[in-house]
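The lines below spell out each chain.
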Amino acid sequence: MPPDPSPSRSTPPRAVLLDIEGTTIPVSFVHDVLFPYARAALPALLREHADDPQVRAAIAEVTRLAPGVDPLTQLEAWMDRDEKIAPLKTLQGIAWAQGYRTGRLSARMYPDVLPALRTWSAAGIRLAVYSSGSVAAQKLIYGHTDEGDVTALFDGFYDLAMGGKRAAASYAHIMAQAGWVAADVLFLSDVVAELDAAAQAGLRTCQIARSEDGTVAGTTHRVAATFGEVSHMFGLPVAA
Ligand SMILES: CSCCC(=O)C(=O)COP(=O)(O)O
Ligand SMILES: [Mg+2]
């Protein structure tokens, strides 16, 4: 197991920054439920809500990034490649809002996540989210879980407005916005490239390798299969 490279590794982290897909929520929920829902809803959203200021701004951004291409065609191409592009993420979030509101969508969290987050939060560990999904979509997913609304656990929500998850500068921006010191913060993600970027910015890192998702454990970061293992590995309080 690689050592935790943080200079303050002997003390537990004071804050935890969390990826969503593959870390707190199964990849299958995002790919088999959320993404198809948005794909099916987007044509009507673009057709019927083109005057909504948020929709209009997102479509304008799609057109700026892909001039001369029909916006829906471009969005579908990005979805085919699971591209993390801000206007796509904004529009997906708007589409999901309706699904959550009507009760057709409810998020399944991994069973080890909430007990750990509640225990860490109760012990004063600060929690924040960093996902490619828009901040609105993050608040929706955690506002509509099978366990109810859990958004109050988090102090901050960060999305692609901070930059891409594979760029070290994005983590530096989040540290500045949150007022956190990088060495005090543990970043949890299933994706090694994201962990590499966070480590470059000075954060402590742990890969979450879920067997359900078939995540392949890397060799350059510490690896845990559950949040319970994370607690033991980093000296965080353990859920009862
Ligand atoms: C806010 S839930 C949907 C997440 C999403 O759209 C996505 O692309 C997954 O991003 P993550 O950074 O959480 O892996
Ligand atoms: Mg992920």
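Residues numbered from 1 in each chain as written. Chains lettered and ligands numbered in written order. Predicted model: local features only at pLDDT ≥ 70, side-chain atom pairs only at ≥ 80, totals over all residues. Heavy atoms only, no water.

Let's talk about the coordination of the magnesium ion (ligand 2)
Here is step 1 of the chain: Taken together, the protein ligands of the magnesium ion (ligand 2) are Asp19 (OD), Glu21 (O) and Asp190 (OD), with distances of 2.1 to 2.2 Å.
Here is step 2 of the chain: Mapped onto the polypeptide sequence, the residues donating to the magnesium ion (ligand 2) form the spacing pattern D-x1-E-x168-D.
Here is step 3 of the chain: On the basis of relative accessibility, which here comes to 3%, the residue aspartate 19 falls in the buried class. (Donors = N, O, S within 2.8 Å, 3.2 Å for Na, K, Ca; no water. Buried < 20%, exposed > 50% of the residue type's maximum accessible area, 1.4 Å probe, protein only.)

Description of the nonpolar core
Here is step 1 of the chain: The biggest cluster of nonpolar side chains holds 45 residues, and the ones touching the most others in it are Trp120, Leu188 and Val230.
Here is step 2 of the chain: It is helix H1 (residues 27–48) that contributes the most residues to this core, seven residues altogether.
Here is step 3 of the chain: Looking at which domains feed residues into this core, each of domain 1 (7–25 + 107–234) and domain 2 (29–101) gives three or more.
Here is step 4 of the chain: Among residues more than four places away in sequence, those in contact with valine 230 are Trp120, Leu186, Leu188, Cys206, Ile208, Ala224 and Leu236. (Core = buried A, V, L, I, M, F, W, Y, C linked by side-chain atoms within 4.5 Å. Helix = DSSP H or I, 4+ residues; strand = E, 2+ residues; numbered from the N terminus. Domains from an automatic or database assignment. Contact = heavy atoms within 4.5 Å.)

What to know about the pattern of salt bridges
Here is step 1 of the chain: This structure, assessed with the given rule, holds eleven salt bridges.
Here is step 2 of the chain: Note that glutamate 83 and arginine 81 form a salt bridge whose closest N and O atoms lie 2.9 Å from each other.
Here is step 3 of the chain: On the basis of relative accessibility, which here comes to 27%, the residue glutamate 83 falls in the partly exposed class.
Here is step 4 of the chain: Its salt-bridge partner being aspartate 82, residue lysine 84 comes within 3.0 Å of it at the nearest N-O pair.
Here is step 5 of the chain: Under the relative-accessibility criterion, lysine 84 is labelled partly exposed at 36%.
Here is step 6 of the chain: You can call aspartate 82 partly exposed: its relative accessible area is 27%.
Here is step 7 of the chain: Among the ionic contacts, a cluster of salt bridges with common partners joins Asp19, Lys165 and Glu194. (Salt bridge = Lys/Arg side-chain N within 4 Å of Asp/Glu carboxyl O.)

Considering the sheet that holds strand S4 (residues 185–189)
Here is step 1 of the chain: Strand order across the open sheet formed by six strands is S3-S2-S1-S4-S5-S6, with parallel pairing between neighbours. In the strand order of this sheet, the two ends are held by strand S3 (156–158) and strand S6 (222–224), each with one partner. Neighbour-to-neighbour, the strand axes of the sheet open up by a mean angle of 25°, direction not taken into account.
Here is step 2 of the chain: Bridging between strand S1 (residues 15–18) and S4 involves four bridges; their strand directions are parallel. Looking across to S4, one finds that leucine 17 is bridged to phenylalanine 187.
Here is step 3 of the chain: Set on the sheet, helix H8 (residues 192–200) makes contact with S4 and strand S5 (204–208); between it and S5 the angle comes to about 170°. (Pairing = 2+ DSSP bridges. Axes fitted to C-alpha atoms, helices over the stretch in contact; angles between N-to-C directions.)

Points about the site of ligand 1
Here is step 1 of the chain: Of all residues adjacent to ligand 1, which total 14 residues, the nearest are Lys84, Lys89, Ser131, Ser132 and Lys165.
Here is step 2 of the chain: Lysine 165 places a side-chain nitrogen or oxygen 2.5 Å from an oxygen atom of ligand 1.
Here is step 3 of the chain: Taking 400 Å² as the accessible area of ligand 1 by itself, protein coverage stands at 98%.
Here is step 4 of the chain: Among the secondary structure elements, those contributing two or more residues to the shell around ligand 1 are helix H4 (86–101) and helix H6 (135–143).
Here is step 5 of the chain: Here the shell around ligand 1 spans two domains, since at least three of its residues come from each of domain 1 (7–25 + 107–234) and domain 2 (29–101). (Near = heavy atom within 4 Å. Polar contact = N/O pair within 3.5 Å; in protein donor to acceptor, adjacent residues only side chain to side chain. Areas by Shrake-Rupley, 256 points an atom, 1.4 Å probe, with all protein chains shown as cover.)

Points about the confidence of the model for the protein
Here is step 1 of the chain: Residue-level pLDDT values for the protein average 95, and 96% of them are 70 or greater.
Here is step 2 of the chain: With pTM at 0.94, the complex prediction returns an ipTM value of 0.96. (pLDDT = per-residue confidence, 0-100.)

Considering the domain arrangement of the protein
Here is step 1 of the chain: Looking at the protein, the domain boundaries give domain 1 (7–25 + 107–234) and domain 2 (29–101).
Here is step 2 of the chain: A separation of 25 Å is found between the C-alpha centroids of domain 1 and domain 2.
Here is step 3 of the chain: Taken together, the contacts link twelve residues of domain 1 with 14 residues of domain 2.
Here is step 4 of the chain: Between domain 1 and domain 2, roughly 1000 Å² of surface is buried when both sides are summed, and carbon and sulfur atoms account for 75% of that area.
Here is step 5 of the chain: When the area that domain 1 buries against domain 2 is broken down by residue, the three leading residues are Glu21, Leu140 and Leu160, summing to 41%.
Here is step 6 of the chain: On the surface where domain 1 and domain 2 come into contact, there are one salt bridge.
Here is step 7 of the chain: Lysine 84 serves as the salt-bridge partner of glutamate 21, at 4.0 Å between the closest nitrogen and oxygen. (Buried area = accessible area lost by both parts, 1.4 Å probe.)

Digging into the side chain of serine 134
Here is step 1 of the chain: Residue placement: serine 134 occurs in the loop between strand S2 (126–130) and H6.
Here is step 2 of the chain: In contact with serine 134, not counting residues within four places along its chain, are Lys89, Thr90, Gly93 and Asp159.

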